[in-house]
Amino acid sequence: MEIKAYDRVKTARSGGRPMGKYYIDNMIEDFCELHGDRRYGDDGAIIGGVGFLGGKPVTVIAMERGETVEDRMARHFGCPAPEGYRKALRLMKQAEKFGRPIICFIGSPGAYCGIEAENRGQGEAIAENLFEMMGISVPIISVVAGEGGSGGALALGVCDSLIMLENAIYSVISPEGCASILWKDSAKAPDAAEALRLTAPDLYKFGIADKIIDETDKTNEKICKDLKDYIVAQIELCEKYSAQELLDKRYGKFRKIK
Amino acid sequence: MFLKNLFKKEADRKCTKCGAEIPYKKLSENAFICPKCGAYMRMKASERLALIADAKTFSEQNADLKCKNPIDFPGYDEKIEKAKADSGLEDAVVCGTCEIGGEKCAIFVMDSSFMMGSMGTTVGEKITSLFEYALDNSLPVVGFTTSGGARMQEGILSLMQMAKVSGAVKRHSDGKNLYIAVLTDPTTGGVTASFAMLGDIIIAEPKALIGFAGKRVIEQTTGEKLPEGFQTAEFMLSHGFVDIIAERKNLKEKLATLLKIHKGGKR
Ligand SMILES: [Zn+2]
């Protein structure tokens, strides 16, 4: 039986679902977290750092919503502030300097929505990432692990290979937001979820997601292992290209979406 | 009936601020600024081009790219038809080349009368193509934004246009070409979070609403009262996100000057 889109939305958001920190802990050896955007602050909703993936140095940028209540408050429930996106960009440029690939883990309801975020240029921070990531000349592999919430998710999603977990979602707007704007009724979110075509199979069909990692009947360990193997293979593939070829292919990946 | 349509004049407009009824001719001669209270009215793309481009220099590109319903979103076909009828446009942006004070440039003008200027695949494709054309021909781009953000009826494809256009802006920029973004009321959401904020020079019209998240959403999410003047052009200038606030009547001259300053500036 086909799984309803809104069931996947619920799974993508569910409390126990592994997020960025889990994948760092279980995939990256000798991880060293690096903090701050060197502009204003350090954002808990995005973890950045360096380590080894299968023996190779990598930079990892991961959205994380936290586990305990305190942790979740500190990470503002996984909604990155402008300083989170600027930290991510700083670390990506550092990765480019040292020639190591970048892995981004996406899972967030969206960019942080608040007065302070606007004061510090939430829109500008996202725009800057979209612009600069199109020119970073090392491989960028992005993984949508949970909820890919709009521009706040896309700001880590300009990549050479986009991987989605089977029950991850990626959408221009939350189904609740869509339903309340269009039908003045957020209870119609399940209908909006179907209409928005936000599931991993949908995105694969559109040619936006390059790979779906199956989750059905698998443990988290097995999912993490399969994901790791695929990322390692993708990095090897990307490294066959010259920097210019890589950037041309990256631009082409988005250019064809119309 | 037919004759009436043929000679149909633009209807008089009501000031959105003070409510004054203003004859169309008077309004257009006053750069669509209310003569009573000084408020800036929103302008259609054709009106903006008439104000900014030198007479008879505008040449449209991709006029035949039509809005479609790529993910079969329910009710969208009807919305498109209504938007076309309301705006007289095929989608929310007009692109082409023109001269401004004798300086040739590529230009895009968004139009909020087509589904609040939202960006779907057609808007994304037209603006991307314009930046590519400008790169190939070493032309500066002048872009007028007005938008409610990414268009939800085209789902994830709309979101991806943010990355696509930003990539085209990057390539144009790497070619050492100038891009001037002019932010007009309202510029929000996914357009703010992509090409609106990527100008080498960012100009805003006075009092224009400019921001990422919607005001109501922020109030509902945080429970905080928004400060006076929040998300206005003046707010964006004082927070360092806009270079210039330009009066509409001086805008063309300002653009011409900036284009002249950047002429032949490539190394
Ligand atoms: Zn008035």
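Residues numbered from 1 in each chain as written. Chains lettered and ligands numbered in written order. Predicted model: local features only at pLDDT ≥ 70, side-chain atom pairs only at ≥ 80, totals over all residues. Heavy atoms only, no water.

1. Side note on the sheet that holds strand 6 (residues 141-147) of chain B
Consider a sheet: its strands pair through backbone hydrogen bonds, and that pairing is either parallel or antiparallel. Residue and element names in this part refer to chain B. Applied cut-off: For two strands to be treated as a pair, DSSP must find no fewer than two bridges joining them. Secondary structure counts use DSSP, requiring at least four H or I residues in a row for a helix and at least two E residues in a row for a strand, with both numbered from the N terminus. By the convention used here, residues are in contact when the closest approach between their heavy atoms is within 4.5 Å. Note on geometry: axes are lines fitted to C-alpha atoms, helical ones only across the stretch in contact, with angles between N-to-C directions running from 0 to 180 degrees.
Pairing is mixed across the open sheet formed by seven strands, whose spatial order is 3-4-5-6-7-8-9. Two strands close off the open sheet at either side, each with one partner strand: strand 3 (59-61) and strand 9 (244-245). With eight bridges connecting them, strand 4 (residues 93-100) and strand 5 (residues 103-110) associate as antiparallel partners. Across the sheet, residue Val-93 finds its bridge partner in strand 5, namely Met-110. Sheet strands touched by helix 3 (residues 45-52): strand 4, strand 5, strand 6 and strand 7 (179-187). Its angle to strand 5, the strand with the most contacts, is close to 155 degrees.

2. Examining the packing of helix 12 (residues 243-255) of chain A against helix 6 (residues 155-174) of chain B
A pair of packed helices is captured by two measures, namely the crossing angle of their axes and the spacing between those axes. Counted only if it meets this: For classification, angles of less than 35 degrees are called roughly parallel, those exceeding 145 degrees roughly antiparallel, those between 65 and 115 degrees roughly perpendicular, and all remaining angles oblique. In this scheme, a crossing is called left-handed if the near helix is turned counterclockwise away from the far one by less than a right angle; it is called right-handed if the turn is clockwise. Residue classes follow a fixed rule: Ala, Val, Leu, Ile, Met, Phe, Trp, Tyr, Cys and Pro count as nonpolar, while Asp, Glu, Lys and Arg count as charged, and any other residue, Gly among them, counts as polar.
Interhelical geometry of helix 12 of chain A versus helix 6 of chain B gives an angle of 140 degrees and a closest axis separation of 8 Å. In terms of orientation, helix 12 of chain A and helix 6 of chain B fall into the oblique class. In the packing of helix 12 of chain A onto helix 6 of chain B, the handedness of the crossing is left-handed. Contacts between helix 12 of chain A and helix 6 of chain B involve Gln-244, Leu-247, Asp-248, Tyr-251, Phe-254 and Arg-255 of chain A from the former and Met-160, Ala-163, Lys-164, Gly-167, Ala-168 and Arg-171 of chain B from the latter. Here the residues of the contact of helix 12 of chain A with helix 6 of chain B are counted per class, giving six nonpolar, two polar and four charged.

3. A word on the layout of surface pockets
The condition that has to hold: Of the two site types, the cavity is a set of points on a 1 Å grid over the protein atoms alone where a 1.4 Å probe fits but cannot get out, and the pocket is an open set with protein on both sides within 12 Å along at least five of seven lines, each lined by residues with an atom within 4 Å of a point. Grid points are joined across faces, edges and corners, and a volume is the space filled by probe spheres set on the points. Each domain's limits were defined by an automated method or a database of domain assignments.
Computed from the structure, the largest pocket encloses a volume of approximately 1,700 Å³. Lining the largest pocket are 43 residues, with Ile-173, Gly-177 and Ile-181 of chain A together with Gly-214 and Val-217 of chain B positioned closest to its centre. Secondary-structure elements contributing two or more residues to the lining of the largest pocket are helix 7 (150-154) and helix 8 (175-183) of chain A together with helix 6, helix 7 (189-192) and helix 8 (215-222) of chain B. A per-element tally of the lining of the largest pocket places helix 8 of chain B first, with six residues. Along the lines of polarity and charge, the residues of the lining of the largest pocket split into 18 nonpolar, 20 polar and five charged. Of the pockets and cavities examined, the second largest pocket occupies roughly 460 Å³. Lining the second largest pocket are 23 residues; nearest its centre among them are Ala-39, Tyr-40, Asp-185, Pro-206 and Lys-207 of chain B. Here the element with the most residues in the lining of the second largest pocket is strand 6 of chain B; it accounts for three residues. Across the lining of the second largest pocket, the residue classes tally to ten nonpolar, six polar and seven charged. Counting contributing residues per domain, the lining of the second largest pocket is built from domain 1 (1-41) and domain 2 (43-263) of chain B, each supplying no fewer than three.

4. Re the coordination of the zinc ion
Residues and elements named next belong to chain B. Condition: Coordination shells were defined by N, O and S atoms within 2.8 Å of each metal, extended to 3.2 Å for Na, K and Ca; water is absent from the atom set, which can make sites look incomplete. Geometry assignment treats four donors as tetrahedral when all angles are between 85 and 135 degrees, treats four as square planar and six as octahedral when opposite donors are over 155 degrees apart and all others between 65 and 115, and treats everything else as irregular. Exposure categories follow from relative accessible area, calculated using a 1.4 Å probe and restricted to protein chains: below 20% of the type maximum is buried, above 50% is exposed, and the middle band is partly exposed.
Protein-derived coordination of the zinc ion comes from Cys-15 (SG), Cys-18 (SG), Cys-34 (SG) and Cys-37 (SG), at a distance range of 2.2 to 2.4 Å. If you look at the zinc ion, its four donor atoms make angles of 106 to 113 degrees with each other, and the shape they trace is tetrahedral. One chain supplies every donor for the zinc ion, spaced along it as C-x2-C-x15-C-x2-C. Highlighted residues: Cys-15 in the loop between strand 1 (13-14) and strand 2 (21-22) and Cys-34 in the loop between helix 2 (24-29) and helix 3, separated in sequence by 19 residues. Note on accessibility: Cys-15 and Cys-34 belong to one class, buried.

5. Observations concerning the confidence of the model for chain B
We apply this condition: pLDDT expresses how confident the predictor is about each individual residue, on a scale running from 0 to 100.
Residues with a pLDDT of 70 or more make up 96% of chain B, whose mean pLDDT is 95. Taken together, the stretch residues 1-7 of chain B has pLDDT below 50 and engages in zero contacts with residues farther than four places along the chain or on a different chain.

6. Overview of the nonpolar core
Going by this rule: Working definition of a nonpolar core: buried Ala, Val, Leu, Ile, Met, Phe, Trp, Tyr and Cys residues. They are joined through side-chain atoms within 4.5 Å.
One finds Phe-105, Tyr-170, Leu-227 and Ile-231 of chain A together with Phe-108, Phe-195 and Leu-255 of chain B to be the most contacted residues of the largest nonpolar core, which totals 162 residues. Aside from chain neighbours lying at most four places away, what touches Phe-195 of chain B is Phe-108, Met-110, Met-119, Ile-127, Thr-145, Val-165, Ser-166, Val-169, Tyr-179 and Ala-181 of chain B. Counting residues in each nonpolar core, the second largest holds ten residues, with Ile-22, Leu-27, Cys-34 and Met-41 of chain B among its members.

7. Notes on the packing of helix 6 (residues 122-133) of chain A against helix 6 of chain B
Following both chains from N to C, one finds helix 6 of chain A and helix 6 of chain B inclined at 60 degrees, their axes separated by 8 Å at the closest point. Where helix 6 of chain A crosses over helix 6 of chain B, the two elements pack in a sense that is right-handed. Of the residues in helix 6 of chain B, those in contact with Leu-130, Phe-131 and Glu-132 of chain A of helix 6 of chain A are Met-162, Ala-163, Ser-166, Val-169, Lys-170 and Ser-173 of chain B. Its residues assigned to classes, the contact of helix 6 of chain A with helix 6 of chain B comprises five nonpolar, two polar and two charged.

8. Examining empty space enclosed by the protein
Counting across every chain of the model gives one cavity of 30 Å³ or more. In terms of lining residues, the largest cavity is bounded by Glu-118, Gly-121, Gln-122, Gly-123 and Glu-124 of chain A together with Thr-192, Met-197, Gly-211, Phe-212, Met-236 and Phe-241 of chain B. Top element by residues in the lining of the largest cavity is helix 6 of chain A. It accounts for three residues. Counted by class, the lining of the largest cavity contains four nonpolar, five polar and two charged residues.

9. A look at the packing of aromatic side chains
Let me state the cut-off plainly: By convention, a stacked pair of Phe, Tyr or Trp rings (six-membered ring in the case of Trp) has centres within 6.5 Å and planes under 30 degrees apart, an edge-to-face pair has planes over 60 apart, and any other such pair is tilted. Only when the NZ atom of a Lys or the CZ atom of an Arg is both within 6 Å of the ring centre and within 35 degrees of the ring normal do we say a charge sits over the ring.
Per the counting criterion, the structure on display carries eight aromatic pairs over all chains. Where Tyr-24 of chain B meets Phe-32 of chain B, the ring centres are 5.8 Å apart and the plane angle is 65 degrees; that geometry is what we call edge-to-face. Taking relative accessible area as the criterion, Tyr-24 of chain B reaches 18% and is therefore assigned buried. Overall, the relative accessible area of 4% leaves Phe-32 of chain B in the buried class. Ring pairing ties together the aromatic residues Phe-108, Phe-131, Tyr-179 and Phe-195 of chain B, which thus form one cluster. Sitting over the ring of Phe-254 of chain A, Lys-253 of chain A keeps its end group 5.8 Å from the ring centre.

10. A word on the environment of Met-92 of chain A
Residue and element names in this part refer to chain A. Secondary-structure assignment places Met-92 in helix 4 (residues 82-97). Judged by its relative accessible area of 0%, Met-92 falls in the buried class. As for Met-92 and Gly-49, which are separated by 43 residues in sequence, their C-alpha atoms are 9.8 Å apart. Residue contacts for Met-92: discarding those within four places in its chain leaves Ile-61, Ile-102, Asn-129, Met-133, Ile-136 and Leu-156.

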